Amino acid sequence: MAWNNPFKEFANSKPLFLTIYATVIIGIIFSSFYVFSAIYSPQTTSSWRLLPPNSDVPPYDLRANSSQLKFGAELAPSPQPQRKWLKPIWEVPSPGSKMPPLKAFRLTKKLVEQRVKDNVVVVTFGNYAFMDFILTWVKHLTDLGVENLLVGAMDTKLLEALYWKGVPVFDMGSHMSTIDVGWGSPTFHKMGREKVILIDAILPFGFELLMCDTDMVWLKNPLPYLARFPEADVLTSTDQVTPTVVDDRLEIWQQVPALSESQRGFYLPVLGAGAAYNIGIFHWRATEVAKKLAKEWKELLLQDDKIWDQNGFNDLVHRQLGPSVDDDSGLAYAYDGNLKLGLLPASIFCSGHTYFVQCYLRNRISAPNEAGVGSCIRDGKMAGPDRSMQVQAMYQQLRLEPYAVHTTFQYAGTEGKRHRLREGMVFYDPPEYYDSPGGYLTFRPSIPKSLLLEGEHNIESHFLLVNYQLKQIRTALAIASVLNRTLHGGKCWPASRKGVDGSRVRTLSMLDRLWFPHPGVLVGTMTRQPFICPLDHVFEVNVMLKELPVEEFGPGINIREYSFLDNPLMPHQVKESWLNVQLCQEGSQDCQVANSTSPRGILRFPRHSNEEKVTDEKFRNRVKRYVGIWCCVENHTPGHIYYDMYWDEKPEWKPIPPQTPEDDHPPCIGNDIERILFSILLTSMDLRPPDEHRPVYHRALDTSYFLLLTSLALSRLVT
């Protein structure tokens, strides 16, 4: 055999082959040396693990007082060593394994480095109350191929839940409550401060940071877009509602003026004269000037707990704004004159207004589709009296692809945010959400052409259109309640909560809803009248989904969003289980009446069905609390107008704002004692207008909560 004496053969080879053999052997030796040195190097990790803090980098404890925070030598923002791969998200721990100790989840450079790719990490944070929002956020990113992400847990319940689901998580040490804290509450503001502390903690590690709120979702991988602006220190989203560009360039910063002090108030983001920089989506590079801004921002908030985190950021970056960095990038100098700032375009880094409200209904002479589907967020058809309408949002009108949607410009608290995302079919619910045990009820509303397409767009025409729909929705809620089904209505209609599949409850609207006086539609926006408004523009979604006492309000009514049946997550067998029902007069020819309902499925009532009057007082007490306000009339204080579910029973009803303080109460507060207590409540808590957006108006919608607030108000008066 030729290989019996390889060395002899090697020696007898020609010089050329001697050279080749020598080169190969030397290459093997050096390669082996490199591989073994990498394997046994103490600085190398071969898999993603939650490890104790680095010995060379002090851990950052978010529980520490700001005066005790020390990071040692500041890290240079040079590119960090990158991992060639990241542990897959959703890879759950092995069965039978134990939860690592809490200290393994402390925020350190080494922990963050486990999730960094191309020197970038994407971060959000929250408490257990936002678990479903966080899972939705993570799912969208992983579906887009973005896995260099981390979630900060503000309570151990969330930390443990995410760990067992395979989501990379770290402990923020906040030990917050696991419940929803509510927008504007002291705990809410504490969460905002935690965000600033977190930014200040991560930037010294030297990584780029894309910080996000949990009430937003990613629709397209944003990292290539952000990489187009390598000179930017900070890129931030805004509350801008009028497009300053019609492509995917950064907003023209000169056309997004700052809000004055008088315009800010209690979350007053736009007044036509300016827009706040919104810190729900923003990207930081670990430059010296960015770290300086983060540190000063943190110190500003810790010194004064009355400063809202977003206002603090806006104050600092507007300390000096301009000139432009160059002619092309869209960046501007800000803060101390050295920070390079860019404004993400609101048409593709969307707010709740540019994504859900600024719609265009284009008439098309064609037959309505079977389900009557239409949406502000995608192409579709909306059934009209004798035609269909194609619906386009701002980004579609500009022929752009959205990167993100942030649920701002919305009402009804967290439930309103969740419902908005469900309407857009971008929220991930568990399978049982799509298969209600009692089945569903769906209907298609009838709206006369004259209400949609004729006449002026003003307060009177707006309430004529909405009230016409309210009466039909009320009927659908009643039928759903009787049949114990989940309501699913037509476009622009609310979905109910107990036996009605609210998959189609949407409302057509003439006027936008905001927190301040306006002419009906903000000047310069792409909103076209009429438009399909989100459910929370008319309905108190949080009340509709709230567990009200059965003794006083009767059984609950389940609802679903209008796009429910169009969601790809809807099981096929549910979609196909239709049962058409025709209403008829008992005793008439061919009218068969039975006490039992049909096999489990969906009851779809035809348009123009007669309303069966429901006199159950418990039902009336419930649905009266489902409607909210429209805001706001110009040159009148207060300027809001209450919707009334039973407007048609009041011959004197008119769409006008309260004329006296005694009139300023929701229709559900009916007797004199309730009105007096409600007035005391608002006065004692200093919640009277002109701040029309005050959310407490519509929290006194069930007796127990109302009495609790009233007791608080009386105690304040006594003290």
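Everything that follows concerns the structure shown earlier in this document.
Quick caveat, the model's predicted, so the values are computed rather than measured.

Draft legend 1. Region of interest: the overall build of the protein. Scanning the protein from N- to C-terminus turns up 21 helices and 24 strands. Here the protein holds 719 residues, and 54% of them are scored as buried. Restricting to contacts in the protein with at least 6 residues of sequence separation, those with at least 24 account for 72%. Element-wise, carbon and sulfur atoms account for 55% of the exposed surface of the protein, whose accessible area totals about 32,000 Å².

Draft legend 2. Broad picture of the packing of helix α4 (residues 131-143) against helix α5 (residues 156-164). Axis separation between α4 and α5 bottoms out at 11 Å; the angle between their running directions is 35 degrees. In the crossing of α4 with α5, the sense of the turn from one axis to the other is right-handed. Touching M131, I134 and L135 of α4 are L158, A161 and L162, all from α5. When its residues are assigned to classes, the contact of α4 with α5 shows six nonpolar, no polar and no charged.

Draft legend 3. The arrangement of the sheet that holds strand β15 (residues 404-406) in detail. In space, the three strands of this open sheet follow the order β5-β15-β11, with mixed pairing throughout. The open sheet terminates on both sides in strands that have one partner only, identified here as β5 (216-218) and β11 (349-350). Of the pairings in the sheet, the one linking β5 to β15 comprises three bridges and is antiparallel in character. When the sheet's bridge partners are listed, W218 is paired in β15 with A404.

Draft legend 4. Quick look at the sheet that holds strand β7 (residues 277-284). On the basis of which strands lie adjacent, the open sheet formed by nine strands has the order β3-β2-β1-β4-β7-β6-β10-β9-β8 and mixed pairing. Edge strands, defined here as strands with exactly one partner in the open sheet, are β3 (169-171) and β8 (321-324). Within the sheet, the average angular offset between the axes of one strand and its neighbour, ignoring direction, is 35 degrees. Judged from the four bridges that link them, strand β4 (residues 208-212) and β7 form a sheet pairing that is antiparallel. Each residue of the ladder has a partner; that of L209, found in β7, is W284. Sheet contacts for helix α10 (residues 309-317): β6 (234-238), β7, β8, β9 (332-334) and β10 (339-343); angle to β7, the most-contacted strand, approximately 65 degrees.

Rules of the game
Residues numbered from 1 in each chain as written. Predicted model: local features only at pLDDT ≥ 70, side-chain atom pairs only at ≥ 80, totals over all residues. Heavy atoms only, no water. Helix = DSSP H or I, 4+ residues; strand = E, 2+ residues; numbered from the N terminus. Buried < 20%, exposed > 50% of the residue type's maximum accessible area, 1.4 Å probe, protein only. Contact = heavy atoms within 4.5 Å. Areas by Shrake-Rupley, 256 points an atom, 1.4 Å probe, with all protein chains shown as cover. Axes fitted to C-alpha atoms, helices over the stretch in contact; angles between N-to-C directions. Left-handed = near helix turned anticlockwise from the far one by under 90°. Nonpolar A, V, L, I, M, F, W, Y, C, P; charged D, E, K, R; others polar. Pairing = 2+ DSSP bridges.

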